[in-house]
Amino acid sequence: LIEKLLIPQDYKIIVVGHSLGAASAALLAVLLRSRLPLLQDPILTVGETSTGDNHLPAPLPRLKVYAFGSPPTLDLSSALACKSFVTTVVNNCDFVTRSNAGPVLVTVE
């Protein structure tokens, strides 16, 4: 559906999730970008060229994720590779967004 209908029409795909849904949204975006290489290319806005003119708006990503309160699901290198298309919003005191398996394993032992 995405490859045959949305990509040829230059639609933007926006995936939004909260908590576990946010983690799923980020993983879905990684999976979609790996299987559909066209999602890795930005959509040029009207009148824009790819010459890098600073006076023109930045190209729009074809796939964008807004993840609210997402638990950590990717390693550091994968997370850094996703920063161009995944935006996360977290509360500074949220336990879920700050947790990872390392301290839990230490506590269990």
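Before reading further, recall that the structure is shown in the block above.
Residues numbered from 1 in each chain as written. Predicted model: local features only at pLDDT ≥ 70, side-chain atom pairs only at ≥ 80, totals over all residues. Heavy atoms only, no water.

Caption draft 1: Region of interest: unusual backbone geometry. A positive phi is found at serine 19, a non-glycine position, where the angle reads about 55°. Its location among the elements puts serine 19 in the loop between strand E1 (13–18) and helix H2 (20–35). (Helix = DSSP H or I, 4+ residues; strand = E, 2+ residues; numbered from the N terminus.)

Caption draft 2: Structural view of the side chain of lysine 64. Structurally, the position occupied by lysine 64 is in strand E2 (residues 63–68). According to the relative accessible area criterion, lysine 64 is buried, its value standing at 12%. (Buried < 20%, exposed > 50% of the residue type's maximum accessible area, 1.4 Å probe, protein only.)

Caption draft 3: Region of the structure containing the layout of surface pockets. A volume near 380 Å³ is recorded for the largest pocket. Looking at the largest pocket, it is lined by 14 residues, and the ones nearest its centre are Ser70, Pro72, Ala79, Val86 and Thr88. Those elements giving two or more residues to the lining of the largest pocket turn out to be strand E3 (86–89) and helix H4 (95–98). Classifying every residue of the lining of the largest pocket by side-chain character gives eight nonpolar, four polar and two charged. (1 Å grid on protein atoms, 1.4 Å probe; cavity = no way out; pocket = protein on both sides within 12 Å on 5 of 7 lines; lining within 4 Å. Points joined across faces, edges and corners; volume = space filled by probe spheres on them. Nonpolar A, V, L, I, M, F, W, Y, C, P; charged D, E, K, R; others polar.)

Caption draft 4: Molecular detail of the packing of aromatic side chains. Counting across every chain of the model gives zero aromatic pairs. Directly above the ring of tyrosine 66 sits lysine 64, whose terminal nitrogen or CZ lies 5.6 Å from the centroid. (Phe/Tyr/Trp six-rings, centres within 6.5 Å; stacked < 30°, edge-to-face > 60°. Lys NZ or Arg CZ within 6 Å of the ring centre and 35° of its normal.)

Caption draft 5: Structural view of the pairing of E3. Examined bridge by bridge, E2 and E3 share four bridges and lie parallel to one another. Within E3, the residue paired with phenylalanine 68 across the bridge is valine 89. As a crossover connection, the stretch from E2 through helix H3 (residues 76–81) into E3 is right-handed. (Pairing = 2+ DSSP bridges. Right-handed = clockwise from strand over helix to strand, strands pointing away.)

Caption draft 6: Fine view of the environment of leucine 38. Take leucine 38: it is sitting in the loop between H2 and E2. It is 9.8 Å that separates the C-alpha atoms of leucine 38 and leucine 63, two residues lying 25 residues apart in sequence.

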